[in-house]
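# Summary of the model geometry
Each chain is listed here by its residues.
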Amino acid sequence: QVLPIESGGGLVQAGGSLRLSCAAYERPSGPYAVGWFRQTPGKEREFVAAISRTGSATDYADSVKGRFTISRDDAKNTVYLQMNSLEPEDTAVYYCAFKFTSYIGRYYNTEDPYDYWGQGSQVTVSS
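Rules used in this analysis
Residues numbered from 1 in each chain as written. Predicted model: local features only at pLDDT ≥ 70, side-chain atom pairs only at ≥ 80, totals over all residues. Heavy atoms only, no water. Disulfide = S-S within 2.5 Å. Helix = DSSP H or I, 4+ residues; strand = E, 2+ residues; numbered from the N terminus. Buried < 20%, exposed > 50% of the residue type's maximum accessible area, 1.4 Å probe, protein only. Pairing = 2+ DSSP bridges.

## With respect to the state of the cysteines
- Tallied over the entire structure, the rule returns 1 disulfide.
- Across a sulfur-sulfur distance of 1.9 Å, Cys 22 and Cys 96 are joined as a disulfide pair. What sets the handedness of the Cys 22 and Cys 96 disulfide is the S-S torsion sign, and at about 65° it is right-handed. In this pair, Cys 22 sits in strand β3 (residues 18-24) while Cys 96 sits in strand β9 (residues 92-100), placing the two residues 74 residues apart along the sequence.
- Judged by relative accessible area, Cys 22 falls into the buried class, the value being 1%.
- Judged by its relative accessible area of 0%, Cys 96 is buried.

## Quick look at the pairing of β3
- Along β3, 5 of the 7 residues are buried, which leaves the element largely enclosed by surrounding structure.
- Pairing between β3 and strand β8 (residues 78-83): 6 bridges, direction antiparallel. Residue pairing in the sheet places Ala 23 in a bridge with Thr 78 of β8.

Structure follows, in structure tokens:
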């Protein structure tokens, strides 16, 4: 079963950096786009960043533009979310998701299209 597995979360001070990784538990059977989302208690899950199946196109939530970078290494079946200049407001459980797609330059910045979701990784930013 294709299952995204997140890692790299933890506790960091405001202004610090973390890099989240999202690896496929098993090698996916086809090309896939990837999205990162996050959720805090009592709030709906929100979009953070997305990348197309080839990495040629990316999208970011306004709240993280200029601070977060999404990238992928298909040789390792891994997608990364580099998070810099972290703020307490970035504290959340971060989820990655896979969407199998035939569209080369397409990314998905809403939850509905995604086929598989990981269990999440906690990121806590202290002030």
